[in-house]
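Residues per chain are reported as follows:
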Amino acid sequence: MTSCALQSITTEYETVKIEKENVLSELGNGKIMIYSGADWKHRIDNTAKINVWIDGKALGQLRPRQYAIVKMEKGEHKISLLHIDVVNMRSDHLFEIDENTKIIKIKPTITSNKAELTNELPEKWEVYEHMIYKK
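These numbers were taken from a predicted model, which means no experiment stands behind them. (Residues numbered from 1 in each chain as written. Predicted model: local features only at pLDDT ≥ 70, side-chain atom pairs only at ≥ 80, totals over all residues. Heavy atoms only, no water.)

So, about the sheet that holds strand β9 (residues 129–130). Reading across from one edge, β8-β7-β1-β4-β9 is the order of the 5 strands in this open sheet, with mixed pairing throughout. This sheet does not close on itself; its edge strands, each paired only once, are β8 (113–117) and β9. The sheet contact formed by strand β4 (residues 66–71) and β9 spans 2 bridges and is parallel. Residue Y67 lies in a different strand from β9, and its bridge partner there is H130. (Pairing = 2+ DSSP bridges. Helix = DSSP H or I, 4+ residues; strand = E, 2+ residues; numbered from the N terminus.)

See the structure below:
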């Protein structure tokens, strides 16, 4: 089990705080929420933690049911993800950010990672928490 322990990375971002009940209406125009969509299968074997970088700058580690809101300029951005499932699972994902971009879901998969623009709040939004990070 300890082989799957992913060390957290220190954030280089100042995250944006928005009240949860207002989050959907206040996202967009450069305010982007990135959340972990890791499900129960990844939580039971300790492979659900994902380290996130945006354009090479560390956002930090997202755990299951966590999110972070960051400011991103319009244009193309690369989101890099890393989780450990016996070996390092790294992946890069390109996104075109515009004024309508609001929500990106990330999650580990059995062979890599997945990132998709959803612009929808996750199911059971009420249990999600803002990202915890160590300084």
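The full count for this structure, using the stated rule, is 2 salt bridges. A salt bridge links K74 to E99; its shortest N-O distance comes to 3.3 Å. Taken together, the positions of K74 in the loop between β4 and β5 (75–85) and E99 in the loop between β6 (87–97) and β7 (103–108) put the pair 25 residues apart, joining distant regions of the chain. When its relative accessible area of 61% is taken as the criterion, K74 is described as exposed. Classification of E99 by relative accessible area gives partly exposed; the value is 35%. Between E116 and K114 there is a salt bridge, with the nearest N and O atoms lying 4.0 Å from each other. We classify E116 as partly exposed; its relative accessible area is 30%. Note on K114: relative accessible area 40%, which makes it partly exposed. (Salt bridge = Lys/Arg side-chain N within 4 Å of Asp/Glu carboxyl O. Buried < 20%, exposed > 50% of the residue type's maximum accessible area, 1.4 Å probe, protein only.)

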